[in-house]
Amino acid sequence: MTAKTAANTEAHTAANWAAFASAEPDLARTVEERFGAFTHHVLATLRKDGSPRTTGLEVRFLDGELWLGMMPGSLKALDLNRDPRFALQANPGPGTGMGGGDVRISGRAVGVEDGEAKAAYSKEVEPPEPFHLFRTELTEVVRTYVEDDKYLVVEVWKPGAPVRTLKRT
């Protein structure tokens, strides 16, 4: 399967942040809190040869969307313009505590060229100009945490389905 075929297959099973938050408000709140705890997170994209690239990134939750803003010509922006698939992991923070658990989001990044949308984002975030802006279409949200110092709990959400919770010792 080519990258474009894979991306098109994912498109019909994707949701924006507002749809996810409406379907699973508790998990969405936890995910936003984890991303809000630190400024910098890790974005994984696909290079031209298909190998992974990881880079630091700031994210914003605004107006029902999860936004990814980037410097012009950055390799991650070039990657996403070529193949929109991404994975995003919240900064786990210092030490081993990981308050709120490990949080990951996968999906597709859609480039935003709309002047009004970019202006609204720019007014709120005040990024250095010019910049690339992507809104996200989520294909999976995962939270992993330890419960009662005994269980590893994994919560997995995919569009069109309720959260699936796996618990193991």
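Residues numbered from 1 in each chain as written. Predicted model: local features only at pLDDT ≥ 70, side-chain atom pairs only at ≥ 80, totals over all residues. Heavy atoms only, no water.

Engineer: Looking at this structure, how should I read the pattern of salt bridges?
Structural biologist: Counted according to the given criterion, the structure contains 11 salt bridges. Taking the shortest distance from any N to any O, the salt bridge between arginine 143 and glutamate 155 comes out at 3.5 Å. Of the two residues, arginine 143 sits in strand β7 (residues 132-147) while glutamate 155 sits in strand β8 (residues 151-157), which places them 12 residues apart along the sequence. What makes arginine 143 buried here is its relative accessible area of 14%. (Salt bridge = Lys/Arg side-chain N within 4 Å of Asp/Glu carboxyl O. Helix = DSSP H or I, 4+ residues; strand = E, 2+ residues; numbered from the N terminus. Buried < 20%, exposed > 50% of the residue type's maximum accessible area, 1.4 Å probe, protein only.)

Engineer: In this structure, what is going on with the confidence of the model for the protein chain? I would like to understand it.
Structural biologist: Parts of the prediction with low pLDDT should not have their coordinates interpreted in detail. For the protein chain, the average pLDDT comes to 90, and 90% of its residues sit at 70 or higher. Contacts from residues 4-11, a stretch scored under 50 in pLDDT, to residues over four places away or in other chains number 10 contacts. (pLDDT = per-residue confidence, 0-100. Contact = heavy atoms within 4.5 Å.)

Engineer: Can you help me understand the packing of aromatic side chains in this one?
Structural biologist: Two descriptors summarise a pair of aromatic rings, namely the distance from one centre to the other and the angle between the planes of the rings. The tally for this structure, following the rule as stated, stands at six aromatic pairs. Relative to phenylalanine 20, the ring of tryptophan 17 has its centre 4.9 Å away and its plane inclined at 65°; by these criteria the two rings are edge-to-face. Within this pair, tryptophan 17 and its partner phenylalanine 20 are both found in helix α2 (residues 17-23), separated by three residues, close to a single helical turn. Accessibility classification places tryptophan 17 together with phenylalanine 20 in one group, the buried group. (Phe/Tyr/Trp six-rings, centres within 6.5 Å; stacked < 30°, edge-to-face > 60°.)

Engineer: Teacher, can you tell me more about the environment of serine 106 here?
Structural biologist: Its location among the elements puts serine 106 in strand β6 (residues 102-111). Along the chain, serine 106 and alanine 14 lie 92 residues apart, while their C-alpha atoms are 9.8 Å from each other. If near-sequence neighbours (up to four positions away) are discounted, serine 106 is found in contact with Phe86, Ala87, Glu137, Leu138, Thr139 and Glu140.

Engineer: Please explain unusual backbone geometry as it appears in this structure.
Structural biologist: Peptide bonds are trans in most cases, and residues, glycine excluded, mostly fall at negative phi. A cis geometry characterises the amide bond from glutamate 129 onward to proline 130, with omega recorded as -15°. Within the secondary structure layout, proline 130 lies in the loop between α5 (115-125) and β7. The backbone phi angle of aspartate 63 is positive, close to 50°, even though this residue is not glycine. By the secondary structure assignment, aspartate 63 is in the loop between β3 (59-62) and β4 (65-70). Take aspartate 63: its relative accessible area is 74%, and that puts it in the exposed class.

Engineer: Any chance you could explain the nonpolar core here in plain terms?
Structural biologist: For soluble globular proteins, the rule of thumb is that nonpolar side chains tend to be buried together. Among the nonpolar cores identified, the biggest contains 25 residues, and Leu68, Leu88 and Ile105 are the most heavily contacted of them. Taken together, the elements giving at least two residues each to this core come down to α2, α3 (25-36), β4, α4 (75-82), β5 (85-89), β6 and β7. Residues contacting isoleucine 105, with those up to four places away along its chain left out, are Trp17, Val31, Phe35, Leu66, Phe86, Ala87, Leu88, Leu138, Glu140 and Val141. Within the second largest apolar cluster, seven residues are counted, among which are Trp67, Val125, Phe131 and Leu133. (Core = buried A, V, L, I, M, F, W, Y, C linked by side-chain atoms within 4.5 Å.)

Engineer: It is not clear to me how the side chain of aspartate 79 should be interpreted in this structure. Could you clarify?
Structural biologist: Its place among the elements puts aspartate 79 in helix α4. A polar atom in the side chain of aspartate 79 sits 2.6 Å from the side chain of threonine 45. Leaving out residues up to four positions away in the same chain, aspartate 79 has contacts with Thr45, Leu46, Arg47 and Arg53. (Polar contact = N/O pair within 3.5 Å; in protein donor to acceptor, adjacent residues only side chain to side chain.)

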